[in-house]
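Observations on chain architecture
Read off the chains here:
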Amino acid sequence: TYFKEIEKEIGVLAAKSEYNNDPHTEGTIFLQNQIQYAQRPRLNQFKIIFGWWDVAYGGTSTSDYNAVAVQGLKDRDFWVLDIFCKQSKMNEAIAYMCLYQKSLPKTVVVHWIFEAQFWNDAVRDAIKKGEKAFNINLNVLQRQNPKVRKDDRLLTLQPYYQNNRIFYDERLKHSNDAQVALAQLFGIEPGYRTKDDYPDAHQAGIAELERYVTDMDSNQSTGIITGDYSLSKNIW
């Protein structure tokens with residue numbers, strides 16, 4: 001009965017990982033065999049790159065995670081280029097973004113976005129302090145997620161995985177942040193109670209990238225050139 005109560009409180013997958021020494025348990029929706037690792041193209045070959053930050057205030061062992069998903073669009077495929085996923089204070093996530101941007105070649109731009117909070121002023125103040133400390137301008141945008149149920153929104157990722165349109169930079173195989181993030185993704189199932197900060201940032205970033213997928217990208221992937229691309233539309 002005790003363990004049933006634990007499962008009810010934190011979710012079956014988290015309970016098995018924490019108490020049954022079964023950390024690799026998968027859910028019923030997102031699976032290990034759907035994660036495609038590959039050598040990423042050069043960053044300046046991506047059509048556009050977004051870094052979506054799902055903000056957490058805490059930094060305690062029970063708080064939400066600060067999750068940053070850096071993702072790019074190449075042809076009609078989405079690439080997860082880098083991940084920050086930690087139970088940290090906001091300033092650690094901001095430091096990560098500053099250092100990541102400083103590491104980029106001058107020909108590459110990341111468009112940073114943070115999910116709107118009821119304490120947006122505190123987020124902006126933290127960003128300004130981070131920018132000043134690292135002598136850099138992140139140009140972070142604020143964005144509100146759609147007013148739909150989060151679990152419904154997260155499930156919109158599954159068709160992309162089923163159709164092999166999401167790739168992970170192979171270097172993320174050895175990233176602790178990436179493995180924590182993927183464990184959260186695998187935990188998304190009916191009635192889940194596990195942390196979902198990376199899946200939230202992951203889905204929101206993919207939705208931003210999807211807006212830049214056009215008929216031109218579709219035809220480039222098949223070698224076909226047709227139609228008037230001045231009227232190109234998004235492809236879901």
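This structure is a prediction, so every number in the text was calculated from the model and none was measured.

**Observations regarding the nonpolar core**
In this structure, Ile-83, Tyr-168 and Tyr-198 are the most contacted members of the largest nonpolar core, which totals 35 residues. If you list the elements that add at least two residues to this core, you get β2 (48-54), β3 (66-74), β4 (77-86), α6 (158-162), β7 (166-169), α7 (176-186) and α8 (197-210). Ignoring anything within four residues of it in the chain, the contact list for Tyr-168 reads Ile-35, Gln-36, Tyr-37, Ala-38, Trp-79, Val-80, Ile-83, Tyr-161, Leu-182, Leu-185, Tyr-198 and His-202. By size, the runner-up hydrophobic cluster in this structure holds 30 residues, among which are Tyr-96, Tyr-100, Leu-104 and Leu-138.

**Regarding the sheet that holds β2**
Taken in spatial order, the seven strands of this open sheet run β1-β7-β4-β3-β2-β5-β6, and their pairing is mixed. The sheet is open, and its two borders are formed by β1 (36-38) and β6 (141-143), each paired with just one other strand. Ignoring which end each strand starts from, the neighbouring axes of this sheet average 35° apart. The pairing of β4 with β7 spans three bridges and is classified as parallel.

**Brief notes about unusual backbone geometry**
Backbone phi values are negative for most residues with the exception of glycine, while trans is the configuration of most peptide bonds. Located in the positive-phi region is Asn-135, a residue other than glycine, with phi close to 55°. Residue position: Asn-135 is located in the loop between α4 (120-134) and β6. Residue classification places Asn-135 among the exposed residues on the basis of a relative accessible area of 69%. Phi is positive for Asn-139, close to 55°, though the residue is something other than glycine.

**What about the packing of α7 against α8?**
Where α7 contacts α8, the two axes come as close as 7 Å, and the packing angle between them is 90°. Compared by their axis directions, α7 and α8 come out roughly perpendicular. Every residue of α8 that contacts α7 at Ala-181, Leu-182, Gln-184 and Leu-185 is listed here: Asp-197, Tyr-198, Pro-199 and His-202. Residue composition of the contact of α7 with α8, grouped by class: five nonpolar, two polar and one charged.

**Structural notes on α4**
Think of an α-helix as turning once every 3.6 residues; residues three or four places apart then point the same way. Across its 15 residues, α4 extends 21 Å between first and last C-alpha, which sits within 8% of the 21 Å expected from 1.5 Å per residue. Listed in full, the buried residues belonging to α4 are Asn-120, Val-123, Ala-126, Ile-127, Gly-130 and Glu-131. The arc that holds the buried residues of α4, viewed along the axis, is 135°, so those residues lie on one side. In this structure, α4 carries Asp-121, Lys-128, Lys-129, Lys-132 and Ala-133 as exposed residues pointing more than 90 degrees from its buried face. Each element contacted by the buried residues of α4 is listed here: β2, α3 (90-102), β5 (111-115) and β6. At the exit of α4 stands Asn-135, carrying a positive phi of roughly 55°.

**Concerning the pattern of salt bridges**
Evaluated as defined, the whole model comprises 14 salt bridges. The salt bridge involving Asp-121 is made with Arg-124; its shortest N-O contact spans 3.1 Å. Taken together, the positions of Asp-121 and Arg-124, both in helix α4 and three residues apart, correspond to about one turn of that helix. Of the residues examined, Arg-124 reaches a relative accessible area of 35% and is grouped as partly exposed. Linking Arg-149 and Asp-151 is a salt bridge whose minimum nitrogen-to-oxygen distance equals 2.8 Å. Classification of Asp-151 as partly exposed rests on a relative accessible area of 28%. Three or more residues are tied together by salt bridges with common partners; here these are Lys-150, Arg-153, Asp-196 and Asp-200.

Conventions adopted
Within each chain, residues carry numbers counting from 1 in the order of the written sequence. Only residues with pLDDT of at least 70 get local features here, since the model is predicted, and only at 80 or more are side-chain atom pairs given and counted; chain-wide, interface and lining totals rely on the full set of residues. Note that water and hydrogens are dropped before the side-chain values are worked out from all heavy atoms of the structure. Nonpolar core, defined: a set of buried Ala, Val, Leu, Ile, Met, Phe, Trp, Tyr and Cys residues in which side-chain atoms within 4.5 Å join the residues together. Each residue is placed in one exposure class: buried if its accessible area under a 1.4 Å probe, protein chains only, is under 20% of its type's maximum, exposed if it is over 50%, and partly exposed if it falls in between. Working definition: helices are DSSP H or I runs of at least four residues, strands are E runs of at least two. Numbering for both runs from the N terminus. Any pair of residues with heavy atoms lying within 4.5 Å of one another is described as a contacting pair. If DSSP finds at least two bridges between two strands, the strands pair. Each axis is a line fitted through C-alpha atoms, taken for helices only over the stretch in contact, and angles between the N-to-C directions span 0 to 180 degrees. By the definition adopted for this analysis, an angle is roughly parallel if under 35 degrees, roughly antiparallel if over 145, roughly perpendicular if from 65 to 115, and oblique otherwise. Put simply, Ala, Val, Leu, Ile, Met, Phe, Trp, Tyr, Cys and Pro go in the nonpolar bin, Asp, Glu, Lys and Arg in the charged bin, and everything else, Gly too, in the polar bin. Multiply 1.5 Å by the residue count of a helix minus one, and that product is the helix's expected span. The arc in question is the one spanned by the directions pointing from the helix axis to the C-beta atoms. Any carboxyl oxygen of Asp or Glu that lies within 4 Å of a side-chain nitrogen of Lys or Arg is treated as forming a salt bridge with it.

Bear in mind that shape data such as this cannot, by itself, settle questions of function.
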